[in-house]
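# Overview (structure and organization)
Chain residues, written in single-letter form:
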Amino acid sequence: MEQISNITNLQILAGILSLLIGYLVSKKLIFSRLISDKKCQHLVFGSAACVFILWMFRTGIYDGLVVHFLWLSALPLLLGFRWAVFSASLALVGVTIFGQEHLHMLGVNFLLGVLAPISLTYGVYSLTFYKLPRHLFVYIFLCAFIPGALSIGLKMLAMSGYFYLDGMYSWQVIEDNYLVLSTLMLFPEAMFNGMTITLLIIYKPEWVYTFYDKLYLDDK
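Since the model is a prediction, treat every value here as computed from it, not as a measurement.

It is worth spelling out the overall build of the chain at this point. Of the regular secondary structure elements, the chain holds 11 helices and zero strands. Reading the chain from its N end, one meets helices and strands in the order α-α-α-α-α-α-α-α-α-α-α. Relative to the compact-globule value of 17 Å for 220 residues, the chain shows a C-alpha radius of gyration of 18 Å, a close match. Along the first, second and third principal axes, the C-alpha set of the chain runs to 60 × 40 × 30 Å.

So, on to the pattern of salt bridges. Inspection of the entire model under this criterion finds three salt bridges. The shortest N-O distance in the salt bridge between Arg33 and Asp37 comes to 3.4 Å. Given the relative accessible area of 33%, Arg33 is considered partly exposed.

Each turn of an α-helix holds 3.6 residues, which means side chains three or four residues apart point in the same direction. If you check helix α7 (residues 106–131), its first and last C-alpha atoms are 36 Å apart, about what 26 residues at 1.5 Å a residue would give, namely 38 Å. Within α7, the axis deviates most sharply at Leu115, by approximately 35°, and proline Pro117 lies no more than four positions further along.

Moving on to a nonpolar patch on the surface. Among the surface-exposed residues, Leu10, Leu13, Leu17, Leu20, Tyr23, Leu24, Tyr164, Leu165 and Trp171 lie close enough to one another that they form a single nonpolar patch of about 890 Å² accessible area. Only α2 (9–27) and α8 (136–165) provide two or more residues apiece to the nonpolar patch. Looking at which element gives the most residues to the nonpolar patch, the answer is α2, with six residues. If you trace the backbone, Leu165 turns up in helix α8. Residue Leu165 is classed as exposed on the basis of its relative accessible area of 66%.

Before going further, it helps to spend a moment on unusual backbone geometry. In this structure, Trp71 is a non-glycine residue whose phi angle is positive, near 65°. By the element assignment, Trp71 lies in the loop between α4 (38–56) and α5 (74–79).

Summed over the entire model, instances satisfying the criterion amount to 19 aromatic pairs. Plain terms: the ring middles of Tyr122 and Tyr125 are 5.6 Å apart, the flat faces sit at 45° to each other, and that makes the pair tilted. Of the two residues, Tyr122 and Tyr125 are both situated in helix α7; the distance of three residues between them amounts to about one turn of the helix. Among the aromatic residues, those joined into a ring-pair cluster are Phe81, Tyr122, Tyr125, Phe129, Tyr130, Tyr139, Phe211 and Tyr212. A cation sits over an aromatic face here: Arg134 above Phe129, 4.0 Å from the ring centre.

What follows deals with the packing of α2 against α7. The N-to-C vectors of α2 and α7 enclose an angle of 60°; their axes lie 6 Å apart at closest approach. Of the possible angle classes, the one that applies to α2 and α7 is oblique. Judged by residue contacts, Gln11, Ala14, Gly15, Leu17, Ser18 and Ile21 of α2 engage Gly107, Val108, Phe110, Leu111 and Leu115 from α7. Here the residues of the contact of α2 with α7 are counted per class, giving seven nonpolar, four polar and no charged.

Here we take up empty space enclosed by the protein. Considering all chains together, one arrives at three cavities of 30 Å³ or more under this definition. Roughly 140 Å³ of volume is contained in the largest cavity. If you list the elements that add at least two residues to the lining of the largest cavity, you get α6 (81–97), α7 and α8. Counted by class, the lining of the largest cavity contains 10 nonpolar, four polar and three charged residues.

Definitions and cut-offs
- Residues numbered from 1 in each chain as written.
- Predicted model: local features only at pLDDT ≥ 70, side-chain atom pairs only at ≥ 80, totals over all residues.
- Heavy atoms only, no water.
- Helix = DSSP H or I, 4+ residues; strand = E, 2+ residues; numbered from the N terminus.
- Rg over C-alpha atoms; globule rule 2.2 N^0.38 Å.
- Salt bridge = Lys/Arg side-chain N within 4 Å of Asp/Glu carboxyl O.
- Buried < 20%, exposed > 50% of the residue type's maximum accessible area, 1.4 Å probe, protein only.
- Expected span 1.5 Å × (residues − 1).
- Bend = angle between axes of the 7 residues up to and from the residue.
- Patch = residues over 30% accessible without salt bridge, like charges linked within 9 Å, V, L, I, M, F, W, Y side chains within 5 Å.
- Areas by Shrake-Rupley, 256 points an atom, 1.4 Å probe, with all protein chains shown as cover.
- Phe/Tyr/Trp six-rings, centres within 6.5 Å; stacked < 30°, edge-to-face > 60°.
- Lys NZ or Arg CZ within 6 Å of the ring centre and 35° of its normal.
- Axes fitted to C-alpha atoms, helices over the stretch in contact; angles between N-to-C directions.
- Parallel < 35°, antiparallel > 145°, perpendicular 65-115°, else oblique.
- Contact = heavy atoms within 4.5 Å.
- Nonpolar A, V, L, I, M, F, W, Y, C, P; charged D, E, K, R; others polar.
- 1 Å grid on protein atoms, 1.4 Å probe; cavity = no way out; pocket = protein on both sides within 12 Å on 5 of 7 lines; lining within 4 Å.
- Points joined across faces, edges and corners; volume = space filled by probe spheres on them.

Spatial relationships are all this shows, so hold off on functional conclusions.
And the structure:
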């Protein structure tokens, strides 16, 4: 589309903000762990590979108004906030290189499609950890299942606002061909993330960074 092919001021601003946030996040990461710690290496790059493969499968009629599962609510629970952002960013760069996303949309996709869903999930997890009883079902449903639905809803609503504000499509086109699909994505995305975390804490609880047996299982 002609509208998508030219870089805009919002895209430039998003790119600058993405670089700044990426720097602040990466400054706290110990990248030597990716070499010395095989478990960290496998989880970070394995998660990036899984998200990359999932994001390659998408559908949409208009350029940019594409729909796909995110799987980003499970990621910060599995890796922690910073490594989740790093891992998902690798997946985003991958789908961009393979032509599924436009290069000049990289900043927008990072802010609205990576940072916003992961921040939402980690914020909900932090809130429930400190404010609610630490119970297994609280962890699964309030930290994975519900944020899964909220995160994809947030991402699609935010992207709808971006495409409208940047003048790429009329609101009617966005609503009829993109935003209307958000209601169909909420439950499957919630189930996807909820089932992922459920299976992980059953079979590989030591992989899940935010799950603690003593807090969620002992004496329950």
